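Working through the structure, step by step
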Amino acid sequence: GMMATAIAAVGTAVAAGTQSISVTGSDVSGTQSLTYALTVTLAPTLTLTAASSSVAVVEGGSGTVSFTAATGGAFSGSINLSVSGLRPGVTAGWLGNPIAAVSGVSANKATLMLRASAGAKTGSANVVVTAAGDGLAAAQSVTVRVQTRQGCYGLLRPLRSRCYPPVRTPSL
């Protein structure tokens, strides 16, 4: 018997799904036609966006930034989020991480919770949040500013009031 190879080139604008294609071949013995099912599967995609490009956290306080991890194509699996580049004294936690198994097109939200200790070093840091899943990774940068706490709190209870920076009482 004779053998032949047919190559089907699919452009980027083709929709996912199954299409029927017919292949016809002729030789001295006649003409043969066969119908095949061509299944187009889109490549998996993963993107990450932040609801804000920066967040301010006061010493001894906390702040949050929401993220959306969007998937598309043949994406399948869970999404894990991680954070790097935090300043000393700043810790991170997550709500909604890892993101449970997803497939295809989805938009998945998670919230990064940041806490600055009372002695956290003030200033700004470029923090990178990375989403990883199905062999893909996407990153988003957010500026985290640690600010000095100022003002007095609890003035109705003078024995328990706190001032930032501490109020200095002049000595006589």
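That block above? That's the structure.
An account of the accompanying structure is given in this report. (Residues numbered from 1 in each chain as written. Predicted model: local features only at pLDDT ≥ 70, side-chain atom pairs only at ≥ 80, totals over all residues. Heavy atoms only, no water.)

1. Quick look at a nonpolar patch on the surface
Heads up, the rule is: The patch calculation keeps residues exceeding 30% relative accessible area without a salt bridge and links them within 9 Å when they carry like charges or within 5 Å when they are nonpolar (Val, Leu, Ile, Met, Phe, Trp, Tyr). Using a 1.4 Å probe, accessible areas were evaluated by the Shrake-Rupley method; residue-level cover was limited to the displayed protein chains. Between Lys or Arg on one side and Asp or Glu on the other, a salt bridge is scored when a side-chain nitrogen of the former is within 4 Å of a carboxyl oxygen of the latter. Secondary structure elements are taken from DSSP: a helix is a run of H or I of four residues or more, a strand is a run of E of two residues or more, and numbering for both begins at the N terminus. The buried label applies to any residue whose accessible area, calculated with a 1.4 Å probe on protein chains only, is under 20% of its type's maximum; exposed applies above 50%, and partly exposed to all values in between.
Taken together, Ile21, Val23, Leu34 and Tyr36 make up a surface patch of nonpolar side chains, about 320 Å² in accessible area. Elements represented by at least two residues in the nonpolar patch include exactly strand S1 (17-27) and strand S2 (30-40). The topology assignment puts Tyr36 in strand S2. Judged by relative accessible area, which is 43%, Tyr36 ranks as partly exposed.

2. Topic: the layout of surface pockets
Stated precisely, the cut-off is as follows: Think of a 1 Å grid over just the protein atoms. A cavity is a set of points where a 1.4 Å probe fits yet cannot get out, a pocket is an open set with protein on both sides within 12 Å along at least five of seven lines, and lining residues have an atom within 4 Å of a point. Grid points are joined across faces, edges and corners, and a volume is the space filled by probe spheres set on the points. Ten residues, namely Ala, Val, Leu, Ile, Met, Phe, Trp, Tyr, Cys and Pro, are considered nonpolar, four, namely Asp, Glu, Lys and Arg, are considered charged, and the remaining ones, Gly among them, are considered polar.
In this structure, the largest pocket spans a volume of roughly 510 Å³. Contributing to the lining of the largest pocket are 20 residues, with Ala4, Val23, Thr24, Gly25 and Leu34 lying nearest its centre. Only S1 and S2 provide two or more residues apiece to the lining of the largest pocket. Residue composition of the lining of the largest pocket, by class: 10 nonpolar, nine polar and one charged.

3. What about the sheet that holds strand S6 (residues 76-84)?
Stated formally: DSSP calls a pair of strands paired once it identifies at least 2 bridges connecting them. Interaxial angles span 0 to 180 degrees and are taken between N-to-C directions of axes, which are lines fitted to C-alpha atoms, for helices over the stretch in contact.
Reading across from one edge, S4-S11-S10-S6-S8 is the order of the five strands in this open sheet, with mixed pairing throughout. For this open sheet the edge positions go to strand S4 (54-58) and strand S8 (99-103), each flanked by a neighbour on one side alone. Along the sheet, successive strands turn relative to each other by an average axial angle of 30 degrees, direction set aside. Where S6 meets S8, three bridges bridge the pair, whose relative direction is antiparallel. Paired with Ser76 across the strands is Ser103, a residue of S8.

4. Details of the environment of Ala131
Our working rule: When checking whether two residues touch, look at their non-hydrogen atoms; a contact exists if any pair is within 4.5 Å.
Along the chain, Ala131 falls in strand S10 (residues 123-133). Judged by its relative accessible area of 0%, Ala131 falls in the buried class. Sequence separation between Ala131 and Ile99 is 32 residues, and the spatial gap between their C-alpha atoms is 9.8 Å. Setting aside its immediate chain neighbours within four residues, Ala131 contacts Leu46, Leu48, Ile79, Asn80, Leu81, Leu136, Ala137 and Ala138.

5. Brief notes about the pairing of strand S11 (residues 136-147)
In terms of strand pairing, S4 meets S11 through five bridges, oriented parallel. Bridge pairing in S11 links Val57 to Val146. Here S10 pairs with S11 via 11 bridges, running antiparallel. Counterpart to Val128 in the pairing with S11 is Ser141.

6. Observations concerning the sheet that holds strand S5 (residues 62-72)
What the four strands build is an open sheet, ordered S3-S5-S9-S7; its pairing is antiparallel. Unpaired on one side and paired on the other, strand S3 (45-50) and strand S7 (90-95) mark the two borders of the sheet. Across this sheet, the average inter-strand angle for adjacent strands is 25 degrees, counted without regard to direction. Sheet topology places S5 next to strand S9 (residues 106-116); 10 bridges connect them, and they run antiparallel.

7. A short note on the nonpolar core
Here is the rule we go by: The set of buried Ala, Val, Leu, Ile, Met, Phe, Trp, Tyr and Cys residues whose side-chain atoms join them within 4.5 Å is what this entry labels a nonpolar core.
Counting 26 residues, the largest nonpolar core has Leu46, Leu48, Phe67, Ile79, Leu81, Trp94 and Leu114 as the members making the most contacts within it. Once residues lying within four places of it in the same chain are set aside, the contact partners of Trp94 are Phe67, Leu81, Ser82, Val83, Ala110, Thr111, Leu112, Met113 and Val129.

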